[in-house]
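Remarks on the overall topology
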Amino acid sequence: MSLAPVVAAVGATPVASEHRGCNLRDLMAEAVLDCLADAGMDDLSSVEHGLTSYESDHFNLGMTLGAILHDTIGMIPKPNVRIEGGGATGALALRTAWAHIQSGLCDSILVYGCEKNGRGVSSRTANQLFALSADVDWEMMVGGSYTGFYAAMIRAHMEAFGTSEEQFAHVAVRNRHNAGFNPIAQKPMDISIDDVMNSRPVAEPYKLFDCSLLSDGAACILLSTEEWARRHCPAFDRRAPVYFVATGCGSDTMRLGDRYPELTNFRAKRRAAAQAYAMANISDPMREIDVAELYDSYSGVEIQAVEDLGFVEPGHGGPSVAGGIFDLDGELPVNTSGGLLGRGAPVGATGILQAIEVVQQLWAAVDPQRQVAKARRGLTDTHAGIASISVVNIFERRD
Amino acid sequence: MTEKVRSKIDISLPQSATAGDVWAQFRGVERITMELTQSYKYSLGKVSRFFMELENGRFLATRCAGCGKVYAPPRPLCPNCLAVADWVELSGQGVVKTHSVLHFSPGSNDDVEALETPYVLAYVLLDGADTLFPHLLKATPDQVHSGLRVRVAYSEKPVHHPIHLMYFVPVVERERQ
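Residues numbered from 1 in each chain as written. Chains lettered and ligands numbered in written order. Predicted model: local features only at pLDDT ≥ 70, side-chain atom pairs only at ≥ 80, totals over all residues. Heavy atoms only, no water.

1. A short note on the interface of chain A and chain B
Here is the rule we go by: In this description, contact between two residues means that some pair of their heavy atoms is separated by no more than 4.5 Å. Put simply, buried area is how much 1.4 Å-probe accessible surface two parts lose in total, over both of them, once they are put together. Should a side-chain nitrogen of Lys or Arg be within 4 Å of a carboxyl oxygen of Asp or Glu, the pair is scored as a salt bridge. Distance and chemistry together define a polar contact, namely a pair of N or O atoms within 3.5 Å, with one atom able to donate a hydrogen and the other to accept it when in protein, and with adjacent residues in sequence counting only for side-chain atoms on both sides. Segments assigned H or I by DSSP are reported as helices when at least four residues long, segments assigned E as strands when at least two residues long, and all are numbered from the N terminus. Any residue that is not Ala, Val, Leu, Ile, Met, Phe, Trp, Tyr, Cys, Pro, Asp, Glu, Lys or Arg is counted as polar, Gly included; the first ten are nonpolar and the last four charged. When DSSP finds at least two bridges between two strands, those strands are taken to pair.
Listed per partner, the contact involves 39 residues of chain A and 45 residues of chain B. Here chain A and chain B share an interface that buries about 3,700 Å² over both sides, 58% of which is from carbon and sulfur atoms. It is Trp-138, Val-142 and Tyr-260 of chain A in chain A that bury the most area against chain B; as a group they hold 20% of the surface buried on that side. At the boundary of chain A and chain B, one finds three salt bridges. Ionic pairing is found between Asp-10 of chain B and Arg-20 of chain A, a salt bridge with its closest N-O pair at 3.7 Å. Between the two partners, chain A and chain B, sit 15 residue pairs in polar contact (both at pLDDT 80 or more). For the side of chain A that touches chain B, the secondary-structure elements that each account for two or more residues are helix 1 (24-39), helix 5 (123-131), helix 6 (136-140), helix 7 (146-161) and strand 5 (201-204) of chain A. Tallying contributions element by element places helix 7 of chain A first for the side of chain A that touches chain B, with eight residues. Of the residues contributing to the side of chain A that touches chain B, the split by class is 18 nonpolar, 10 polar and 11 charged. Relative to strand 6 (residues 93-102) of chain B, strand 5 of chain A is paired through two bridges, and the arrangement is antiparallel. Bridged to Glu-204 of chain A within strand 6 of chain B is Val-101 of chain B.

2. Things to note about the environment of Lys-207 of chain A
Along the chain, the position of Lys-207 of chain A falls in strand 6 (residues 206-207). Setting aside chain neighbours within four positions, we find Lys-207 of chain A in contact with Glu-165, Val-196, Met-197, Ser-199, Arg-200, Pro-201 and Val-202 of chain A.

3. Focus: the packing of aromatic side chains
Where we set the bar: Aromatic pairs are defined between Phe, Tyr and Trp rings, using the six-membered ring for Trp, whenever the two ring centres lie within 6.5 Å; interplanar angles under 30 degrees are classed as stacked, those over 60 as edge-to-face, and all others as tilted. Only protein chains enter the calculation, and the probe is 1.4 Å; a residue is then buried if its accessible area is under 20% of its type maximum, exposed if over 50%, and partly exposed in between. In our convention, an over-ring charge means Lys NZ or Arg CZ found within 6 Å of a ring centre and within 35 degrees of that ring's normal.
Overall, the coordinates contain 17 aromatic pairs over all chains when judged by the stated rule. Seen from their ring centres, Tyr-150 of chain A and Tyr-298 of chain A are 4.8 Å apart, and the 45° between their planes marks the pair as tilted. One end of the pair, Tyr-150 of chain A, is in helix 7; the other, Tyr-298 of chain A, is in the loop between strand 9 (291-293) and helix 13 (299-308), and 148 residues separate them in sequence. Since its relative accessible area comes to 3%, Tyr-150 of chain A is described here as buried. For the ring pair Phe-50 of chain B and Phe-59 of chain B, a centre distance of 5.4 Å and an interplane angle of 85° mean the geometry is edge-to-face. In terms of burial, Phe-50 of chain B and Phe-59 of chain B fall into one category: buried. Pairwise contacts between aromatic rings join Trp-138 of chain A together with Phe-50, Phe-51, Phe-59, Phe-133 and Phe-168 of chain B into one cluster. In this arrangement the basic side chain of Arg-82 of chain A is found over the ring face of Tyr-54 of chain A, its NZ or CZ atom lying 3.8 Å from the centre. The cationic tip of Arg-239 of chain A hangs over the ring face of Trp-363 of chain A; the distance from NZ or CZ to the ring centre is 3.6 Å.

What follows is the structure in structure tokens.
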């Protein structure tokens, strides 16, 4: 008998470059209605706690969005917490909700996240706002940007291990292809390695198609004890129970340069993975995990991630990825949703969307063209900045 | 007819209702411009001396009084020992460890806005330091590689943010000691 929370229900809006007809409240409300339909519930009256997940007050033009959204979706007067953890916000929100259930503080909690990163502001404003999430005096003011920091890291990886641009182009191609089987994906594309290689340089060695998307979207997950789900969520008994069995978190310095001599990989991710694997009793993740959503903010980041998550040996990420073992028909399919490159990344919802993909894979409820057969255990990998915060969450089907 | 709403960008009305659309009555959308202008009195805090000395053509770092680690950029408090650091002066010469060639500027401030693209963002291990210093390297992208010797150059022109009082340039052969 496990005390781990179960996933009672999930909901999401489509991910888009711009949801012009919705402000943030509208988007969140649509995702919550989708979740209610998934749960087979009429309202949220039985749900005890809320947890708001969004990153940026500036993008969303509001400083108390936790309270505003909590009000919008009818959760007043129940307790609420707002979580922010950069790009890792959604995964950190789920981790926090996990602790709320495990501690006995509540038996049910709705984790709801959203962001409008799309076209609400100009590219210049968007770049300035994202640059503010770096070290302001030392990295932002010298003309640095996250694309540049990631590019400097993958260059170090290329020099240390012989990783090639064609190898990370494989990720850019595959994830956009996978997005074609996901009805909520923002930008499915069937492109070739050559298309990626020939796209315009953004921050060398990264080119346009190596970069993920700016997105609008909202998503939510209803977590609860198994007993609560059986009592209040009619859909729960109709499908295989999926447990949120483990969560790990790690951190690293804000500035890449302070990590010297390590420039190639993500220490925070190794730490988060080790913690989550210990909690889930996993010793050989490549064999013991069936499906994973990895944080592909840039194509090469997935190559670094498969190493730091222990799927392959350090330095082996490039050839492993290019060899296809993480493709839909490979040994461990990753980013079946399309990832940040193809499905999109509305920041506060991203980690939640990753978890939804994994959970729906475990329910065997996704489009057959991207369904991983007999998936029983899935992982999400989400990070902030260049992994100054990293979160690994693990879900397991038990029936 | 003059526009009654000065900030209005556009409105869009649905051509026809989609059958079964629960939001059918809410599909008309108006967009307006919202302006948010901010200016801060921003303290550079305990690393201020680094920036003040750049005006004098001197490059400072901090050395942890506990473990001896030298931080460039400076850190007043060593995160490893939580010991308060001492200021030390470095020669300003160093070596590129990794870099990126950026084809767009994030426009973070007027100094960055003025940059011509592409430009090089280099991570430099300064002689005597234990961390990497990220800054602009004024060199043609083809010139730049890991291992390239560079030095701090000091700006002659007035700048917006004091970090732009410096940048890196390649060390040419005759400059080498």
